[in-house]
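Reading the structure
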Amino acid sequence: MEILNNKKYFIRERSFGYNDEYSFTVGGIGNLKDQFDDRAAAMKELRKLTRQALAGTNPEDFETISYCNVGNNEPSKRLHEYIFDNFGVPFLVPNDYNDQLSPNRDYSLPQDLTEDQAMEIREISGIKHFDLVEVDEKGHLFYGVKLGSMTKESGEWISLGVGKYSNETGYVSGVVSAYFNSEEDALNSLNSHGIVRSLNEGTGLKGSYEELSPMPQVLKSFVENQRSVQYDEDLKEIDISYIKTKDLVTLNGLLKEKIFTIEPFPMSLVAQIGNGWFLEM
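The following refers to the structure shown. Source: prediction; values computed, not measured.

By rolling a water-sized probe across the atoms, one finds the places where empty space is left. Tallying each qualifying case throughout the model produces one cavity of 30 Å³ or more. By volume, the largest cavity is sized at about 50 Å³. Lining the largest cavity are Ile29, Gly30, Asn31, Tyr179, Ile273, Gly274, Asn275, Gly276 and Trp277.

Written as structure tokens, this is what we have:
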């Protein structure tokens, strides 16, 4: 099913991983709920699901609030004020290891949260179990990251190792294509290590600066200012051992032939992948 002109909306459930300290969102997978033609109806469902997801949970369990991840950042301070004003208990409390306050690991949000309270907490904390996804101005719902011709997996979508369990089939492990809610979401979720590995196992970035880029001097300056990116004059090749995601995006933008592209992800493939997958850690 390709969606072209008419507005469509989905509620998409976010997937989470856990690193023994806090839960973190995993881009690229996530169950799709019902389709809506009306944004108000979709928002009504989002509010209901958000209340159900947040009631009884501990905000400190999530990366945006976890002291182990970010310390006492602005969202945790604002959340403390909101919880104290609305429920009469402190969220930031003295801890045993320094002179500061930290989120109370034993605190859980009330079971009788209202939908308004849940949406406010969602906004303050950044803890979002569900996204509202709608057709963008280009007529697309989802986007994927496709690898370029110089990579080992040329022409393939970036994929994730996932698993699922069903009563019919038992536990199933697999690799599925990752798809994101927007072009920006796809860029922010790039796995630079995986892309660089595919690039190094493929043909790589070969050629002179002039052959590789429409802005050869800019590319040359970029490479010379990266500690883990070097240009081999003898082989006429850019060698990358490590690169930050934001720098990979910059490098990609300087090249004539892209390492990766962000492209509309076919709804037919979304349906084929299906629901119920979780990230294998």
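Now that the structure is up, let's keep going.
Right, let's get into a nonpolar patch on the surface. On the surface, Tyr165, Tyr171 and Phe278 cluster together into a nonpolar patch covering about 360 Å² of accessible area. Position of Tyr165 among the secondary structure elements: in strand S9 (residues 159-166). Residue classification places Tyr165 among the exposed residues on the basis of a relative accessible area of 57%.

What follows deals with the pattern of salt bridges. The full count for this structure, using the stated rule, is 16 salt bridges. The salt bridge partner of Glu45 is Lys48, with a shortest N-O separation of 3.4 Å. One end of the pair is Glu45 and the other is Lys48, both in helix H1 (residues 39-54) and three residues apart, which spans about a single turn. Linked by salt bridges that have partners in common, Lys7, Arg39 and Glu134 make up one network.

Let's shift gears to the environment of Leu199. Relative to the assigned elements, Leu199 resides in helix H6 (residues 192-201). It is 41 Å that separates the C-alpha atoms of Leu199 and Thr57, two residues lying 142 residues apart in sequence. Sequence-distant contacts of Leu199, that is, excluding residues within four places in its chain, are made with Met150, Thr151, Gly204, Leu205, Ile240 and Ile259.

What counts, and at which threshold
- Residues numbered from 1 in each chain as written.
- Predicted model: local features only at pLDDT ≥ 70, side-chain atom pairs only at ≥ 80, totals over all residues.
- Heavy atoms only, no water.
- 1 Å grid on protein atoms, 1.4 Å probe; cavity = no way out; pocket = protein on both sides within 12 Å on 5 of 7 lines; lining within 4 Å.
- Points joined across faces, edges and corners; volume = space filled by probe spheres on them.
- Patch = residues over 30% accessible without salt bridge, like charges linked within 9 Å, V, L, I, M, F, W, Y side chains within 5 Å.
- Areas by Shrake-Rupley, 256 points an atom, 1.4 Å probe, with all protein chains shown as cover.
- Salt bridge = Lys/Arg side-chain N within 4 Å of Asp/Glu carboxyl O.
- Helix = DSSP H or I, 4+ residues; strand = E, 2+ residues; numbered from the N terminus.
- Buried < 20%, exposed > 50% of the residue type's maximum accessible area, 1.4 Å probe, protein only.
- Contact = heavy atoms within 4.5 Å.

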